[in-house]
Amino acid sequence: MLERYDVLVIGGGNAALCAAIAARRGGASVLVLEGAPHFYRGGNTRHTRNMRCAHDSATEILTGPYTEDEFWEDLKRVTQGHTDEELARHMIAESKEMLTWIVDQGVRFQPSLGGTLSLGRTNSFFLGGGRSMLNALYLTAEKLGVEVRYDAEVTELEIEDGMFLSATVHDASGPRKVRAAALVAASGGFEANIEWLKEGWGEIAENFLIRGTPYNRGTILRMLIDHDVKQIGDVTQCHAVAIDARAPKFDGGIITRLDCVIYGIVVNKECKRFYDEGEDIWPKRYAIWGRLVAAQPDQIAYIIFDARSLSLFMPSLFPPIKADSIEELAGLLELDPAKLSETVNGFNAAVQPGTFDPHNPDDCATAGLTPAKTHWARRIEQGPFYAYPVRPGITFTYLGVKVNKEARMIMADGKQAVNMFAAGEIMAGNVLGQGYAAGIGMTIGSVFGRAAGRGAAKYARN
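Residues numbered from 1 in each chain as written. Predicted model: local features only at pLDDT ≥ 70, side-chain atom pairs only at ≥ 80, totals over all residues. Heavy atoms only, no water.

**Q** Report on the overall build of the chain, specifying residues and quantitative values.
**A** When helices and strands are counted, the chain shows 11 helices and 19 strands. The C-alpha atoms of the chain give 23 Å as radius of gyration, which agrees with the globular expectation for 462 residues (23 Å, within 12%). Each of the 462 residues in the chain was classed as buried or not, and the buried ones make up 60%. Sequence separation of 24 or more characterises 73% of the internal contacts of the chain that already satisfy a separation of 6 or more. Of the side-chain charges in the chain, 48 are positive and 56 negative, and the distance between the mean point of each set is 4 Å. (Helix = DSSP H or I, 4+ residues; strand = E, 2+ residues; numbered from the N terminus. Rg over C-alpha atoms; globule rule 2.2 N^0.38 Å. Buried < 20%, exposed > 50% of the residue type's maximum accessible area, 1.4 Å probe, protein only. Contact = heavy atoms within 4.5 Å. Lys, Arg positive; Asp, Glu negative; His and termini not counted. Charge placed at Lys NZ, Arg CZ, Asp CG, Glu CD.)

Written out as structure tokens, the structure reads:
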């Protein structure tokens, strides 16, 4: 069977839906192919909560302005300069429109959540979370006449000299070939492909948990690279956070993330601290902890805190491990009681007087301790005592395809692809060479998704 459309969108998350809606509003016939079943549609968007956009003043849901320059400084800091500045600044400038454009597509926002997020000024939270946001986008797309198919696996792309010709798709009806005037690839990264992760990380990748969708195996990304689309990024760079070690191997989502690092200490299986738990405000630093834990023996660590901190953060899906003494806690964690007690006592002795502020960087720090804890340092002394075991939780990978400001793919020879566009995680490495700040993934998906859809529709019309 052979089918024809103006625009073919591969993927089913935020980037794909923004592309499909933009293309349809641009007058194109659009087919969306989602590899997951209907219940699991949407990739990692299902697990999101918010989006980071620049804005010039406070709104009903944002407590103050967040300028383009401040956004750029935040991005430059977390990536340590490993970003395409032209693309990044373009994304930031375009993000200002997304707060209204995305609402025009049916998405609704709510005031920021509390706790350690501290994002009330910078990030807009979706009313009902990522799944509700997705449902709104799908509803709008379908009302506009976008055709969506689920359990639709693309097994082959026909590409000649940077021009997309067709895709072979397997679904409930069997194999078929789809031709389209333009292609938008928005199918995510390869985080669920453990063998591909091993190419960069080695065997320790077996100990990683994949907090995102199990359907992001990088199939389309691999095909594009094999068809001479320019590759960008490092196979080891990814959004990697410390998540509850008791989480499932795949799809644990945001409810397995732990926001309590700044309120305690983190030790490895040898009961040694290995990084400054109070380095910066949590939304700018939470995504470094996956890599930090990945570097520890057996890729596991333990967050230790006392009763005073229990109510300061949003808990994991799983309850913390509780004990009346540090030694008892060590036993429950199968750690050496003497070593853990020595580490906690050494930390307590180094804590200096200060004024504790759970929501902002404060003057509570250690002295004479390596590594130091530079903020939120309080003695761990008030029982009962608690711990969370944590492992690296991979959300999405940064290795992807090179694009320009119009989201058009760039070929290995440096030329623009004729009719191929990309959006979302599959091209996130253009902006995120490393590091992360909360909500940027959704910004990338929305901004470049809309750009890809507009560009694809324009090419198809011409």
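**Q** Please provide a residue-by-residue account of the nonpolar core, values included.
**A** One finds V7, L8, L157, L224, M420 and F448 to be the most contacted residues of the largest nonpolar core, which totals 120 residues. Setting aside anything within four residues of it in sequence, one finds V7 in contact with A23, A28, S29, V30, L31, A180, A182, V184, A456, A457 and A460. A323, A330, F347 and V351 belong to the second-largest nonpolar core, a separate cluster that totals 21 residues. (Core = buried A, V, L, I, M, F, W, Y, C linked by side-chain atoms within 4.5 Å.)

**Q** Talk me through a nonpolar patch on the surface; I want residue IDs and the actual numbers.
**A** Side chains of F39, Y40 and Y215 sit close together on the surface and give an oily, nonpolar patch of about 300 Å² of accessible area. Looking at the secondary structure, you find Y215 in the loop between β10 (209-210) and α6 (219-226). (Patch = residues over 30% accessible without salt bridge, like charges linked within 9 Å, V, L, I, M, F, W, Y side chains within 5 Å. Areas by Shrake-Rupley, 256 points an atom, 1.4 Å probe, with all protein chains shown as cover. Salt bridge = Lys/Arg side-chain N within 4 Å of Asp/Glu carboxyl O.)

**Q** Help me get a handle on the pairing of strand β14 (residues 301-306), residues and values and all.
**A** Of all six residues in β14, six are buried, a share of seventy percent or more. Alternating positions in β14 separate into two faces, A301, I303 and F305 on one and Y302, I304 and D306 on the other, with burial throughout. With four bridges joining them, strand β13 (residues 265-268) and β14 adopt antiparallel strand pairing. Within the sheet, the bridge partner assigned to V267 lies in β14 and is Y302. Pairing analysis gives six bridges linking β14 to strand β16 (residues 385-397), with the strands arranged antiparallel. By the bridge assignment, D306 is partnered in β16 with F385. (Pairing = 2+ DSSP bridges.)

**Q** So what's going on with the environment of A185? Residues and values would help.
**A** Among the structural elements, A185 can be located in strand β9 (residues 174-185). Taking the C-alpha atoms as reference points, A185 and I10, 175 residues apart in sequence, are found 5.1 Å from one another. When sequence neighbours within four positions are dropped, the list of residues in contact with A185 reads I10, I220, L224, M409, F421, A422, A423 and I426.

**Q** Outline helix α1 (residues 14-25), listing residues and values.
**A** The terminal C-alpha atoms of α1 lie 16 Å apart, and with 12 residues this matches the ideal 16 Å at 1.5 Å per residue to within 8%. Turning to α1, its buried residues are N14, A15, A16, L17, C18, A19, A20, I21, A22 and A23. Against β1 (2-10), β2 (30-33), α3 (85-104), α4 (129-144), β9 and α11 (440-461) lie the buried residues of α1. Among the residues trailing α1, G27 stands out with phi positive, at a value near 95 degrees. (Expected span 1.5 Å × (residues − 1).)

**Q** Describe in detail the environment of Y302, supporting the description with residues and values.
**A** Its location among the elements puts Y302 in strand β14. Overall, the relative accessible area of 8% leaves Y302 in the buried class. A C-alpha to C-alpha distance of 42 Å links Y302 and M409, two positions 107 residues apart in sequence. Look past the residues within four positions of Y302 in its chain and what remains in contact with it is I265, V266, V267, N268, K269, L333, L335, Y388, P389 and V390.

**Q** How would you sum up the pairing of strand β5 (residues 123-126)? Please name residues and give values.
**A** By the alternation rule, side chains of β5 split into N123 and F125 and S124 and F126, which are all buried. In this sheet, β5 lies alongside strand β3 (residues 50-52) in antiparallel orientation, the contact comprising three bridges. For M51, the partnering residue across the bridge sits in β5 and is S124.

**Q** Give me the sheet that holds β5: which residues, what numbers.
**A** One open sheet holds the three strands; their spatial order is β3-β5-β4, and the pairing between them is antiparallel. The two strands at the open ends of the sheet, each matched to only one other strand, are β3 and β4 (109-110). Lying on the sheet, α11 is in contact with β3 and β5; it crosses β3 at an angle near 75 degrees. (Axes fitted to C-alpha atoms, helices over the stretch in contact; angles between N-to-C directions.)

**Q** Outline the packing of α1 against α4, supporting the account with residue identities and numerical values.
**A** At a minimum axis separation of 10 Å, α1 and α4 run at an interaxial angle of 25 degrees. Between α1 and α4, the interaxial angle falls into the category roughly parallel. The handedness of the crossing between α1 and α4 is left-handed. Each of N14, L17, C18, I21, R24 and R25 in α1 lies in contact with α4, whose residues at this interface are M133, L134, L137, Y138, T140, A141 and L144. Of the residues in the contact of α1 with α4, the class split is nine nonpolar, two polar and two charged. (Parallel < 35°, antiparallel > 145°, perpendicular 65-115°, else oblique. Left-handed = near helix turned anticlockwise from the far one by under 90°. Nonpolar A, V, L, I, M, F, W, Y, C, P; charged D, E, K, R; others polar.)

By themselves, these figures tell us nothing about what the structure is for.
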